[in-house]
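# Overview (structure and organization)
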Amino acid sequence: MIETKNINFYYGSFHALKNISMQMPAHTVTAFIGPSGCGKSTFLRLFNRMNDLIDNTRLTGECLINGRNIYHGSVQVDELRKDVGMVFQKPNPFPKSIFENVAYGLRVNGVRNKSLIARRVEESLKAAALWDEVKDKLKKSAFALSGGQQQRLCIARALAVSPSILLMDEPASALDPVSTSKIEELIYSLKKDYTIVIVTHNMQQAARISDRTGFFMLGELIEFNDTKKVFLNPDKEQTQNYITGRFG
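## Let's talk about the packing of aromatic side chains
Taken as a whole and assessed by the stated rule, the structure comprises seven aromatic pairs. Seen from their ring centres, phenylalanine 32 and phenylalanine 43 are 5.4 Å apart, and the 50° between their planes marks the pair as tilted. Here phenylalanine 32, found in strand β3 (residues 29-33), pairs with phenylalanine 43, found in helix α1 (residues 40-46); they are 11 residues apart in sequence, far enough to count as distant. Phenylalanine 43 matches phenylalanine 32 in its accessibility class, with the two residues each being buried. Here the aromatic cluster, defined as three or more aromatic residues joined through ring pairs, consists of Phe32, Phe43, Phe47 and Phe216. The ring of tyrosine 10 has arginine 58 lying over it, and the distance from NZ or CZ to the ring centre is 4.1 Å. Here arginine 157 stacks its cationic end above the ring of phenylalanine 94, 4.0 Å away from the centre of that ring.

Here you go:
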């Protein structure tokens, strides 16, 4: 389970996230929606401490995974990032073979057993619904794959090191409708084994695949509830206006 308590985040003097508290249960899909620049991607990157890589930032409040504050001094960030995988907006395969893309995280983490690596690569590609398409060309370059296949390869790469949480920052925004549909089907199937948090500009996508939806506006969490409630009967007028296209 992921929980935040009174999160405030600053880029220098800019107050990017304002007093955000929420709970995301295990084995659910949570979607963040809202206009560009509203803070949803910044909030997503808190969960694997990617914002640590940005100079002159500051965080107050607590960010908990399974009850543990991941910003406590005792937390090993490398270990955290093994448990919290990340898939970015544009597919970013490494200039390696399909096999080595998926095996990369295992090798970096010291796994040397070839049969174990081969098994995890196959399991991860199957979990990412890509195995049947690539099983006969594992030695070929990842760049030979289509955009949608490359994104599923990046998901397989994230799954190979056995995370419990998968973060996705607009994973289908650069893809065609058919590839987008495959990614959405994949996300829906993965939640039985993973807790998934997704940022999307596509409100229909959020409505289709998520269990809970958070609507962000100017660094504030305006509304967070079951997805059907947010889309069909929101509590806040701002949410209603955004969903119906009156602003944003």
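On we go.
## Some details on the sheet that holds strand β2 (residues 14-24)
Reading across from one edge, β2-β1-β4-β5 is the order of the four strands in this open sheet, with antiparallel pairing throughout. Taken across any chain shown, the strands that pair with only one partner, and hence form the sheet edges, are β2 and β5 (68-69). With eight bridges joining them, strand β1 (residues 2-11) and strand β4 (residues 57-65) adopt antiparallel strand pairing. The residue bridging phenylalanine 9 from the neighbouring strand is leucine 59, located in β4.

## Side note on the pattern of salt bridges
Side chains that differ in charge, positive against negative, can pair when their charged atoms come close. Across all of its chains, the model carries 13 salt bridges by this definition. Between arginine 212 and aspartate 226 there is a salt bridge, with its nearest N and O atoms 3.5 Å apart. Placement of the pair is arginine 212 in strand β9 (residues 212-217) and aspartate 226 in strand β10 (residues 220-226), with a sequence separation of 14 residues. Each member of the salt-bridge network shares a partner with another, and the members are Arg119, Arg120 and Glu123.

## With respect to the nonpolar core
Ranked by internal contacts, the top residues of the largest apolar core, which has 47 residues, are Leu125, Ile155 and Leu166. Contacts of leucine 125, omitting those with residues within four sequence positions, involve Val102, Leu130, Trp131, Val134, Leu138, Leu153 and Ala156.

## Observations concerning the pairing of strand β7 (residues 165-169)
Among the five residues of β7, five are classified as buried, and the element is accordingly described as predominantly covered. Neither face of β7 is left uncovered, since the one carrying Ile165, Leu167 and Asp169 and the one carrying Leu166 and Met168 both have all their residues buried. Taken together, the four bridges between strand β6 (residues 84-87) and β7 define a ladder with parallel strand orientation. From the neighbouring strand, valine 87 faces β7, where its bridge partner is methionine 168. Pairing of β7 with strand β8 (residues 195-199) involves five bridges; the strand directions are parallel. Along β8, the bridge assignment pairs aspartate 169 with valine 199. Read as a crossover between parallel neighbours, the route from β7 over helix α7 (residues 177-190) to β8 is right-handed.

## Re the sheet that holds β7
Whether parallel or antiparallel, the strands of a sheet pair through hydrogen bonds between backbone atoms. One open sheet accounts for six strands, arranged β6-β7-β8-β3-β9-β10; its pairing is mixed. Of all the strands in the sheet, just β6 and β10 have a single pairing partner and so form its edges. Along the sheet, successive strands turn relative to each other by an average axial angle of 15°, direction set aside. Here β9 runs beside β10; their pairing, made up of six bridges, is antiparallel. The residue of β10 that forms the bridge with phenylalanine 216 is leucine 221. Relative to β6, helix α6 (residues 147-159) is tilted by about 170°, and along the sheet it contacts β6 and β7.

Thresholds applied
Residues numbered from 1 in each chain as written. Predicted model: local features only at pLDDT ≥ 70, side-chain atom pairs only at ≥ 80, totals over all residues. Heavy atoms only, no water. Phe/Tyr/Trp six-rings, centres within 6.5 Å; stacked < 30°, edge-to-face > 60°. Helix = DSSP H or I, 4+ residues; strand = E, 2+ residues; numbered from the N terminus. Buried < 20%, exposed > 50% of the residue type's maximum accessible area, 1.4 Å probe, protein only. Lys NZ or Arg CZ within 6 Å of the ring centre and 35° of its normal. Pairing = 2+ DSSP bridges. Salt bridge = Lys/Arg side-chain N within 4 Å of Asp/Glu carboxyl O. Core = buried A, V, L, I, M, F, W, Y, C linked by side-chain atoms within 4.5 Å. Contact = heavy atoms within 4.5 Å. Right-handed = clockwise from strand over helix to strand, strands pointing away. Axes fitted to C-alpha atoms, helices over the stretch in contact; angles between N-to-C directions.

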